[in-house]
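Breakdown of the fold
If you want the building blocks of each chain, they are given just below.
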Protein chains: 2
Amino acid sequence: MPTRSTPSASIDRRDLDFLLYELLAVDALAERPRFADQGREVFDAVIDTARAIADEHFAPSRRRNDQEEPQVVDGRVQTQPDLQATWDAVAASGLIAATQDADRGGMQLPHVIASVAIAHLEAANVGSASYPMLTAGAANLIAAFGTDAQRALWLPPMLTGRFSGTMALTEPDAGSSLADLRTRATPVGDANDGTFRIEGTKIWISGGDHELTENIVHLVLARIAGAPEGTKGISLFIVPKKLVSPDGPIGGTNHVTLAGLIHKMGWRGTTSTLLNFGEQGPCLGYLVGAPHQGLAYMFQMMNDARIAVGRAAMAMGYSAYRYSLEYARTRRQGRLPGEKDPGKPPVPIIEHADVRRMLLQQKCAAEGSLALVLECALLMDEEETAPDAGARARAKLLLEVLTPIAKAWPSATCQEGISNAMQVLGGYGYAREYDVEQLYRDNRLNQIHEGTNAIQALDLLGRKVTQQQGAAYAALVARLDGTAAEAGASDVLGSMARALRVATGRMTEVTAHLVGVMRSDPARGLANASVYLDLVARTVLAWLWLRQAMVAERALAAGAGLGSDEAFYRGKLQAARFYFGFELTKNDADADLLLRNDPSAFEMRGEWF
Amino acid sequence: MPTRSTPSASIDRRDLDFLLYELLAVDALAERPRFADQGREVFDAVIDTARAIADEHFAPSRRRNDQEEPQVVDGRVQTQPDLQATWDAVAASGLIAATQDADRGGMQLPHVIASVAIAHLEAANVGSASYPMLTAGAANLIAAFGTDAQRALWLPPMLTGRFSGTMALTEPDAGSSLADLRTRATPVGDANDGTFRIEGTKIWISGGDHELTENIVHLVLARIAGAPEGTKGISLFIVPKKLVSPDGPIGGTNHVTLAGLIHKMGWRGTTSTLLNFGEQGPCLGYLVGAPHQGLAYMFQMMNDARIAVGRAAMAMGYSAYRYSLEYARTRRQGRLPGEKDPGKPPVPIIEHADVRRMLLQQKCAAEGSLALVLECALLMDEEETAPDAGARARAKLLLEVLTPIAKAWPSATCQEGISNAMQVLGGYGYAREYDVEQLYRDNRLNQIHEGTNAIQALDLLGRKVTQQQGAAYAALVARLDGTAAEAGASDVLGSMARALRVATGRMTEVTAHLVGVMRSDPARGLANASVYLDLVARTVLAWLWLRQAMVAERALAAGAGLGSDEAFYRGKLQAARFYFGFELTKNDADADLLLRNDPSAFEMRGEWF
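This structure is a prediction, so every number in the text was calculated from the model and none was measured.

Parameters at a glance
- Residues numbered from 1 in each chain as written.
- Chains lettered and ligands numbered in written order.
- Predicted model: local features only at pLDDT ≥ 70, side-chain atom pairs only at ≥ 80, totals over all residues.
- Heavy atoms only, no water.
- 1 Å grid on protein atoms, 1.4 Å probe; cavity = no way out; pocket = protein on both sides within 12 Å on 5 of 7 lines; lining within 4 Å.
- Points joined across faces, edges and corners; volume = space filled by probe spheres on them.
- Nonpolar A, V, L, I, M, F, W, Y, C, P; charged D, E, K, R; others polar.
- Contact = heavy atoms within 4.5 Å.
- Buried area = accessible area lost by both parts, 1.4 Å probe.
- Salt bridge = Lys/Arg side-chain N within 4 Å of Asp/Glu carboxyl O.
- Polar contact = N/O pair within 3.5 Å; in protein donor to acceptor, adjacent residues only side chain to side chain.
- Helix = DSSP H or I, 4+ residues; strand = E, 2+ residues; numbered from the N terminus.
- Buried < 20%, exposed > 50% of the residue type's maximum accessible area, 1.4 Å probe, protein only.
- Pairing = 2+ DSSP bridges.
- Axes fitted to C-alpha atoms, helices over the stretch in contact; angles between N-to-C directions.
- Parallel < 35°, antiparallel > 145°, perpendicular 65-115°, else oblique.
- Left-handed = near helix turned anticlockwise from the far one by under 90°.
- Phe/Tyr/Trp six-rings, centres within 6.5 Å; stacked < 30°, edge-to-face > 60°.
- Lys NZ or Arg CZ within 6 Å of the ring centre and 35° of its normal.

All right, on to empty space enclosed by the protein then. Residues and elements named next belong to chain B. Applying the stated criterion to the full structure yields 8 cavities of 30 Å³ or more. Its volume calculated, the second largest cavity comes out at about 80 Å³. Considering the residues around the second largest cavity, the lining is formed by Gln-361, Cys-364, Ala-365, Trp-409, Thr-413, Leu-541, Phe-578, Tyr-579 and Glu-583. When the residues that make up the lining of the second largest cavity are grouped by side-chain class, the tally is 6 nonpolar, 2 polar and 1 charged.

Structure (structure tokens):
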């Protein structure tokens, strides 16, 4: 077996600088009060720190984390020993509290910078990166909706890494249908103090049990006795693994018991658990916010989590891309078509056009997904800190419509990318001695968790596109048209600008048609929602690629002295051309399918299979 | 963790009967002298036997085969203990010699029936099915090109399962480029007796070492000292693991030594080995056929092997399809769009249109791939046994052009299918407690081995389409046009017939354009060969679906008394509609791309990435 050709690959810093500072101009955030005293220097230092932690602690244990899966020994979950070092390093860095207010001990960073930092951990070792990610998400929820007392009790240990967190939504018999949750919450004593007894079973709880931290804080959805049926009767509770007294010390068990570990195809470093609440004794939960509002609260966290799924997919796709790129540059094999002399030395495989095609698909998937998740993260910052109320509202709208896309598209397109990385490596790509196959297994989960991609499609077409009389959709179209108009002035980019304008027009035609069908027959109108999501996502990515191409073209036009940047910018332009030629062109067939509302799947009957 | 919902799933017998007897009319083969005394009864008995072996021995050990990977213990390869039972069962059944002449102890079955039999083993447990498959392939090569003495010595123990076989082509530094093979063959004593000393290293040798059989017969490509460079200087050798005297008894080591096992993502039951020949002592090889003709011989086996790859992919895709179908029929979750009452019980998920979309994609992938590989297997029978010389020649031509498609398309489309199966199961699909994730890992290899799919594309466009002044391509078009004309008379199928005719016309336009480009600039003309293969494959599958739809429509038109067959035929018709609406429609964008010969990948430079 030849030795592995490259160390673990990560996000290209030149690309990151391009997106953050040349495309998105995130350094301008420092002008806002919340980010005063920050700026590119601070941002870069945070990114450098995350990269160093990723290189030192996360990347070296990625493979071991996969091989030595968590297991139950004497009733306790044993995780791969290196995992503790990754947790401790992140906790010490302050990144769990990256976006929290400074007066809570947070770094008060923009979401866009925090997101980049976490992405480096995910690119290096997603199985270890889950724990701080989930903890930050749970902490955000308590910060947003908890009482002062709850914040005081739970946030300090979570943000400093003494406690970790989870989100516990799914139940074995309900699956994706949260309306069918059956976990019960019964008031303890005087109901008004917000303490309940929790009973039920949750499945797929990532990080649901381990010994990395002194305690685990589960954020659990449950139904208070007498609550309405369906999604309107769900409440949110803080349910710790061990009880904690109001003054802080940790007490005995809260009867959250591990019923089993699930053995996944990938992402094995993160424990996936089946948990029983209150089966072996009383399990206390503390109501967060108002009763029956749990799903709305959880969805705030869920929206972040969905963008985080897209980011993790991007990170893994990016890692595979850079890994296979390095391989393609160094591995020699075969000769070009037309070369008849077998005495000539073999060429580096990057000289084969089909290898470049596979690398370009990966470049578009990884860099396009990075642009998308950064755009979304920046919209979160806009929504919270833009000086102008109109800008904040527009950001919120745009984020609503982009969230399902940011979850679904990177998870699918980067899986295709990782598959291409595997193909570039050939047999080596399929061998566990190389990194790619683990990325292929790890990333596949991203199409499933936090709402399957089909659920994202229903969310996009059935909810986001129609909400507020289509205001979110209109906000998206306004951005797309604006870019097409701006790029239309360029000789180089004129044809891409026209293609984006046409694609946007067809998207709007399709959207109007489907909204009309949904009005009379929701099931029929939503039947091909997955195809619709693909069509919208490709159009959004065309917008992001055209914006990148504009920046690259301007830089090239500015001319001399570019040095190695010239190759970088030419690569961006060529990737945009590839995207418009190989990817966006798939939209026509999908638009036709949606406009005729192809009934093949809708009318198929179960007994005909 | 809920229990697994279904046992291992296999090829649907009703579908198989439909394809074999209603579509392909393979029972007519019994009219030919080679298959006299055979007929549907014999064919069905063979299939039943294979299915019984698959159920009894192969399926139960699929998961164990994956978990307990082969390992080296005290220098010997230890395989999962159940593997021996699978080998012994197949050996006892005679299936290793399924297509061999009766006077060699073979069953003298048609390829199409043998292929169906093996497919059942592959659907149940591909890691175990490799060993008899590889052995049959190696035996076929010796039968076709060996001397009488070689046949007498090697075939009886191989066909009865005392010895197993491998094909040893690839070397670590050559990869897919067989022109760069460096394994040397030096004449021993008097060169004319065909005995050589073999020295070199081979990688990815499946079944390259194990203790299932008394001996392992490697068919090795090597270069005789002084041979021309490139592919024209490669010869084929029989290289046994242990020496065998002319009268049969097995002697000492032949110095084929295991340098290492490769650890694959899937397909783990089959040992994948790095082998050294002659490093630790003299290793003898016996020349097969003429010197320097090895690659031509090997390609005879390779063509069969490529169709076998497509068949294995079909088998795995089929298994995942039936597994997820059963799950979708029994798992209840959520309600249909428009249903506002959360008190209503959840519906079986097959009632969700997007689940049916994913099942239809799988049905098209699995059943379409089965139709394709059976068509190819029948063409092998036609080529060998058709009474008319013209028919034999046409079959050979058609098989040439279909082989790269039969390898590449099922391997890719069934991977998409298995991914959809995983998506139908949601989190359970990603859990190792269920069957689907193993199929996802196992089948991914099929896009890589026996020539990557990109190599199939180069073979199709660069060789098959142009050979004999386009005769093979013309043979394909004649079949497609014939079907379109036949179906065009039907009211129900008229639009599909027109779509096939249009697609065939565009394919021919694209082909002529690319052949023209290749004439002046081979590298440029072949740059998008992978897209070309997709376009041709989709057209071929449209042909196969239209043929199935015709049979189904006739059966439905014949009317009454169909019973449960009515649902089956309606399913075939609906799958054809889905295929034409969701899959074939992708061809337009690809045709445009190829007609403009999109240069994005071709012109991309390595340093721009």
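In this section: the interface of chain A and chain B. Taken together, the 98 residues of chain A in the interface contact 98 residues of chain B. Summed over both sides, the interface between chain A and chain B buries roughly 7900 Å², with carbon and sulfur atoms accounting for 59% of that surface. The tally of links between chain A and chain B comes to 4 salt bridges. Measuring nitrogen to oxygen at the nearest pair gives 2.5 Å for the salt bridge that ties Arg-335 of chain A to Asp-180 of chain B. Taken together, the connections running from chain A to chain B amount to 51 residue pairs in polar contact (both at pLDDT 80 or more). By residue number, the principal contributor to the side of chain A that touches chain B is helix H17 (residues 565-583) of chain A, which donates 8 residues.

Backbone geometry at Asp-37 of chain A places phi at a positive 70°, although glycine is not the residue there. With respect to the helices, strands and loops of the structure, Asp-37 of chain A is situated in the loop between helix H1 (13-23) and helix H2 (40-58). Positive phi, normally seen in glycine, also occurs at Glu-450 of chain B, with a value near 60°. With respect to the helices, strands and loops of the structure, Glu-450 of chain B is situated in the loop between helix H11 (436-444) and helix H12 (453-464).

This part covers the pairing of strand S3 (residues 163-168) of chain A. All names here are of chain A. With respect to burial, S3 is a largely interior element, 6 of its 6 residues being buried. Judged by which residues are buried, S3 turns out to be covered on both faces: Phe-163, Gly-165 and Met-167 on one side and Ser-164, Thr-166 and Ala-168 on the other are all buried. For S3 and strand S6 (residues 215-224), the ladder comprises 6 bridges, and the chain directions are parallel. Along S6, the bridge assignment pairs Phe-163 with Asn-215.

Residue and element names in this part refer to chain A. Taken N-terminus to C-terminus, the directions of helix H14 (residues 494-520) and helix H18 (residues 587-595) make an angle of 20°; their axes are 9 Å apart at the nearest point. The orientation of H14 relative to H18 falls into the category roughly parallel. Crossing of H14 against H18: the hand is left-handed. Within the contact between the two elements, H14 uses Arg-506, Glu-509, Val-510, His-513 and Leu-514 and H18 uses Asp-588, Ala-591, Asp-592, Leu-594 and Leu-595. Grouping the amino acids of the contact of H14 with H18 by side-chain chemistry returns 5 nonpolar, 1 polar and 4 charged.

On to H1 of chain A. Residues and elements named next belong to chain A. Here H1 lies mainly inside the structure; 8 of its 11 residues are buried. Those residues of H1 that fall on the buried side of the exposure criterion are Asp-15, Leu-16, Asp-17, Phe-18, Leu-19, Leu-20, Tyr-21 and Leu-23. Tucked into the core, H1 has its buried residues touching H2, helix H5 (111-145), helix H7 (294-330), helix H8 (353-385), helix H16 (529-558) and H17. The positive-phi residue at the C-terminal boundary of H1 is Ala-25, with phi of around 50°.

According to the stated counting rule, one finds 27 aromatic pairs over all chains in the structure shown. Seen from their ring centres, Phe-145 of chain A and Tyr-297 of chain A are 4.3 Å apart, and the 25° between their planes marks the pair as stacked. Separated by 152 residues along the polypeptide, Phe-145 of chain A in helix H5 and Tyr-297 of chain A in helix H7 bring together distant segments of the chain. Between Phe-196 of chain B and Phe-237 of chain B, the aromatic rings sit 5.2 Å apart at their centres with planes inclined by 65°, giving edge-to-face as the arrangement. Here Phe-196 of chain B is found in strand S5 (residues 195-206), whereas its partner Phe-237 of chain B is found in strand S7 (residues 235-240), with 41 residues between them in sequence. Pair check on accessibility: Phe-196 of chain B and Phe-237 of chain B agree, each one buried. Ring-pair connections join several aromatic residues into one group, and the members of that group are Trp-204 of chain A together with Tyr-327, Tyr-428 and Tyr-434 of chain B. The residue whose ring lies beneath Arg-444 of chain B is Tyr-440 of chain A, and the NZ or CZ to ring-centre distance is 5.7 Å.

A few words now on the pattern of salt bridges. Under the definition given, this model contains 93 salt bridges over all chains. Between Asp-592 of chain A and Arg-506 of chain A there is a salt bridge; the shortest N-O distance is 3.2 Å. You can see Asp-592 of chain A sitting in helix H18 and its partner Arg-506 of chain A sitting in helix H14, a full 86 residues away along the chain. Take Asp-592 of chain A: its relative accessible area is 38%, and that puts it in the partly exposed class. Judged by its relative accessible area of 21%, Arg-506 of chain A is partly exposed. A salt bridge links Arg-64 of chain B to Asp-82 of chain B; the nearest nitrogen and oxygen atoms lie 2.5 Å apart.

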